[in-house]
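# Structural description and commentary
The primary structure of each chain is shown beneath.
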Amino acid sequence: DAKTTQPPSMDCAEGRAANLPCNHSTISGNEYVYWYRQIHSQGPQYIIHGLKNNETNEMASLIITEDRKSSTLILPHATLRDTAVYYCIVRVQNKAAGNKLTFGGGTRVLVKP
Amino acid sequence: GAVVSQHPSWVICKSGTSVKIECRSLDFQATTMFWYRQFPKQSLMLMATSNEGSKATYEQGVEKDKFLINHASLTLSTLTVTSAHPEDSSFYICSARAIFTSGRANEQFFGPGTRLTVL
């Protein structure tokens, strides 16, 4: 699976949008971009995933560049409960690949009042 | 839906004893479960992949005789840390791959984790 690069940490203000960048310049054509987050002392929580189109759900939006070498996770209105480590993962989505998720360092997001 | 539980949520044991951690998919069937370990301020590291009814596949560097994995049914996998030592103290997290026929089929859902402290 392709490797990802994320800033180690970022702060954002409560109520404002949080934009979390992720570089995945070696992504291949059949690899999806996944975002998970992990609140302190809990298991990771799925946020969103996409292949090449932008995606939106009730938690966040995912913007993938046209060349797919980077993406941005957008939390539209950050709350204090969004404080967590956010992981960007790219992987092939098929049974033969084992569906393994390889976690990198992630971005530690601190939402401040 | 798609809830994964772990038991216990935390455990303290003496060095040399064995500890069993259970991972259950509560409202779905999972042919594959994954076990991760996470040390403080570090990322999750995959330890092994277990498929129901077959032997687990361990990642490089993970001792299969020390971390025994049993995946006896489509809803239960267990991780036994044998002869635990203080360096095995960590946060152990499991995930289960759902076999839904639509929607987020083949996605992984994570348990809440088990914090193991070996004295």
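Along each chain, residues carry numbers from 1 onward, in the same order as the chain's sequence is written. Going through the entries in the order they are written, you letter the chains from A and number the ligands from 1. Totals for whole chains, interfaces and linings use every residue, but because this is a predicted model, local features are given only for residues with pLDDT of at least 70 and side-chain atom pairs only at 80 or more, for both listing and counting. Where side-chain values are given, they derive from all heavy atoms of the structure, hydrogens and water being excluded.

## Comments concerning the packing of aromatic side chains
- Here the aromatic set is Phe, Tyr and Trp, taking the six-membered ring for Trp, and pairing holds for ring centres within 6.5 Å; pairs whose planes are under 30 degrees apart are stacked, those over 60 apart are edge-to-face, and all others are tilted. Applying the stated criterion across every chain, the model contains eleven aromatic pairs over all chains.
- Consider the rings of A:F103 and B:F110, whose centres lie 5.8 Å apart with planes at 80°: the pair is edge-to-face. With A:F103 in the loop between β8 (84-92) and β9 (107-112) and B:F110 in strand β10 (residues 108-110), the pair connects residues from two separate chains. One exposure class covers both A:F103 and B:F110, and it is buried.
- Here the aromatic residues A:Y32, A:Y34, A:Y36, A:Y46, A:Y87, A:F103, B:Y36 and B:F110 are joined through ring pairs into a cluster of three or more. Helix numbering and strand numbering both begin at the N terminus, where a helix is a DSSP run of H or I of at least 4 residues and a strand a DSSP run of E of at least 2. Buried residues are those whose accessible area, probed at 1.4 Å on protein chains only, stays under 20% of the maximum for their type, while exposed residues exceed 50% and partly exposed ones sit between those limits.

## Comments concerning the state of the cysteines
Residue and element names in this part refer to chain B.
- The disulfide criterion used throughout: a pair of cysteine sulfur atoms within 2.5 Å. One pass over the full model with this rule turns up two disulfides over all chains.
- Disulfide partner of C23: C94, at an S-S distance of 2.0 Å. Around the S-S axis, the bridge from C23 to C94 shows a dihedral of about 80° and counts as right-handed. Linking C23 in strand β3 (residues 19-25) with C94 in strand β9 (residues 90-98), this pair joins segments that are 71 residues apart in sequence.

## Quick notes on the pairing of strand β2 (residues 10-13) of chain B
Residue and element names in this part refer to chain B.
- Taking every second residue as pointing to the same face, the buried face of β2 carries V11 and C13, while none of W10 and I12 on the other face is buried.
- A pair of strands is considered paired only if DSSP assigns at least 2 bridges between the two. For β2 and strand β11 (residues 114-118), the ladder comprises four bridges, and the chain directions are parallel. Paired with C13 across the strands is V118, a residue of β11.

## Quick notes on the sheet that holds strand β4 (residues 45-50) of chain A
All names here are of chain A.
- Spatially, β1-β9-β8-β3-β4 is the arrangement adopted by the five strands of the open sheet, whose pairing is mixed. Because the sheet does not close on itself, it has two edges, and the strands there are β1 (9-13) and β4. Across this sheet, the average inter-strand angle for adjacent strands is 25°, counted without regard to direction.
- Two elements, strand β3 (residues 31-38) and β4, share five bridges in a ladder whose sense is antiparallel. Bridge pairing in β4 links R37 to Q45. Axis definition: a line fitted to C-alpha atoms, limited for helices to the stretch in contact. Angles are taken between N-to-C directions and run from 0 to 180 degrees.

## So, the environment of A:P76
All names here are of chain A.
- The residue P76 is located in the loop between β7 (70-75) and β8 in this model.
- Between the C-alpha atom of P76 and that of V111, which follows or precedes it by 35 residues, the distance is 13 Å.
- Contact criterion: two residues are considered in contact whenever any of their non-hydrogen atoms come within 4.5 Å of each other. For P76, the contacting residues outside a window of four places in its chain are R16, A17, M59 and A60.

## Structural notes on the sheet that holds strand β8 (residues 76-81) of chain B
All names here are of chain B.
- Strand order in the open sheet formed by four strands is β1-β3-β8-β7, and the pairing between neighbours is antiparallel. One side of each edge strand has no neighbouring strand; the edge strands of this open sheet are β1 (4-7) and β7 (67-73). Across the sheet, the mean angle from the axis of one strand to that of its neighbour is 15°, orientation sign disregarded.

## Some words on the pairing of β9(B)
All names here are of chain B.
- Most of β9 is tucked away: nine of the nine residues are buried.
- In β9, alternate side chains face the same way, and those of S90, Y92, C94, A96 and A98 on one face and F91, I93, S95 and R97 on the other are all buried.
- As paired elements, strand β4 (residues 30-38) and β9 share eight bridges and run antiparallel to each other. In the sheet register, T32 faces β9, and the bridge partner there is R97.
- In this sheet, β11 lies alongside β9 in antiparallel orientation, the contact comprising three bridges. Looking across to β11, one finds that S90 is bridged to L116.
- Sheet topology note: the β9/β10 ladder contains three bridges and is antiparallel. Pairing of A96 across the sheet is with F109, part of β10.

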